[in-house]
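The residues making up each chain are set out below.
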Amino acid sequence: MHKAQDPHFAERVRASFARQPAMRLIGASMAVVEAGYTEIHLPFRPEITQQHGFIHGGVVGMIADSAAGYAAGTLTASETGVLTVEYKLNLLAPADGQLLIAEGSVVRYGRTLIVTRAEVFAVKHGKKNLCGLMQQTIIAVHGKKETASP
């Protein structure tokens with residue numbers, strides 16, 4: 001169990017998510033925000049598919065990166081930003097469903113580096129199928145303000 005440093009972490013994380021034009025572009029929403037854990041939901045849209053009709057792997061990576069990154073952000077102080085240093089994504093099955101759910105969580109929290117993971121599920125006819133698995137390293141950037149506008 002992780003402890004948040006900022007009692008208003010959920011509002012701060014949701015506001016940051018709202019400032020991401022990339023998430024708006026693909027139609028993603030922040031469904032769950034808890035200390036050390038977030039979920040991003042992405043409904044199926046033909047505009048984000050690849051040539052076989054599945055949601056594109058790059059889009060799977062986008063929501064995995066954001067879910068895990070925001071999970072890290074739930075544990076930081078209010079004046080600390082987070083940036084991805086690296087991640088490894090395994091695409092385990094086609095992203096074939098009416099909804100994708102990216103579940104991001106913190107594995108280890110450190111002052112500078114935070115290790116996270118994300119699991120991405122394709123939900124089809126109510127059944128969840130794991131389609132992506134990611135491990136990520138985040139850097140905490142102390143005193144970094146976000147610049148994108150809503």
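Everything here concerns the structure above.
All of these numbers come straight from a predicted model, not from anything done at the bench.

Moving on, we come to the sheet that holds strand β2 (residues 37-43). Reading across from one edge, β1-β2-β4-β5-β6-β3 is the order of the 6 strands in this open sheet, with antiparallel pairing throughout. Both outer strands of the open sheet, β1 (29-34) and β3 (80-91), are each paired with one neighbouring strand and no more. Across the sheet, the mean angle from the axis of one strand to that of its neighbour is 25°, orientation sign disregarded. Strand direction decides the pairing type here: strand β4 (residues 99-109) and strand β5 (residues 113-124), joined by 10 bridges, are antiparallel. Each bridged residue has a counterpart across the sheet, and for Ala102 the counterpart in β5 is Val120. Against the sheet, helix α1 (residues 9-18) engages β1, β2 and β3, with an angle of about 160° to β1. Packing against the sheet, helix α3 (residues 57-73) makes contact with β1, β2, β3, β4, β5 and β6 (127-142), and its axis sits at approximately 40° to β4.

Here the focus is α1. Phe9, Arg12, Val13, Ser16 and Phe17 are the residues of α1 that are buried. Down the axis of α1, the buried set is contained in an arc of 135°. They therefore lie on one face. Elements in contact with the buried residues of α1: α2 (21-26), β1, β2, α3 and β3.

Time to look at the side chain of Gln136. Among the secondary structure elements, Gln136 is positioned in strand β6. Here Gln136 falls in the buried class, since its relative accessible area comes to 0%. A distance of 2.5 Å separates the side chain of Gln136 from the side chain of Asp65, its partner in a polar contact. Those residues in contact with Gln136, other than ones at most four positions away along the chain, are Asp65, Ala68, Gly69, Thr84, Glu86, Tyr87, Ile114, Val115 and Thr116.

All right, on to the pairing of β5 then. A regular strand places its side chains on the two faces of the sheet in alternate fashion. Count of turn residues in the β4/β5 antiparallel hairpin: 3 residues. Sheet topology places β5 next to β6; 12 bridges connect them, and they run antiparallel. Bridge pairing links Val115 to Thr137 in β6. Between β5 and the antiparallel strand that follows it, β6, lie 2 residues; His125 among them carries a positive phi value of about 55°.

What counts, and where the lines are drawn
Residues numbered from 1 in each chain as written. Predicted model: local features only at pLDDT ≥ 70, side-chain atom pairs only at ≥ 80, totals over all residues. Heavy atoms only, no water. Pairing = 2+ DSSP bridges. Helix = DSSP H or I, 4+ residues; strand = E, 2+ residues; numbered from the N terminus. Axes fitted to C-alpha atoms, helices over the stretch in contact; angles between N-to-C directions. Contact = heavy atoms within 4.5 Å. Buried < 20%, exposed > 50% of the residue type's maximum accessible area, 1.4 Å probe, protein only. Arc of directions from axis to C-beta. Polar contact = N/O pair within 3.5 Å; in protein donor to acceptor, adjacent residues only side chain to side chain.

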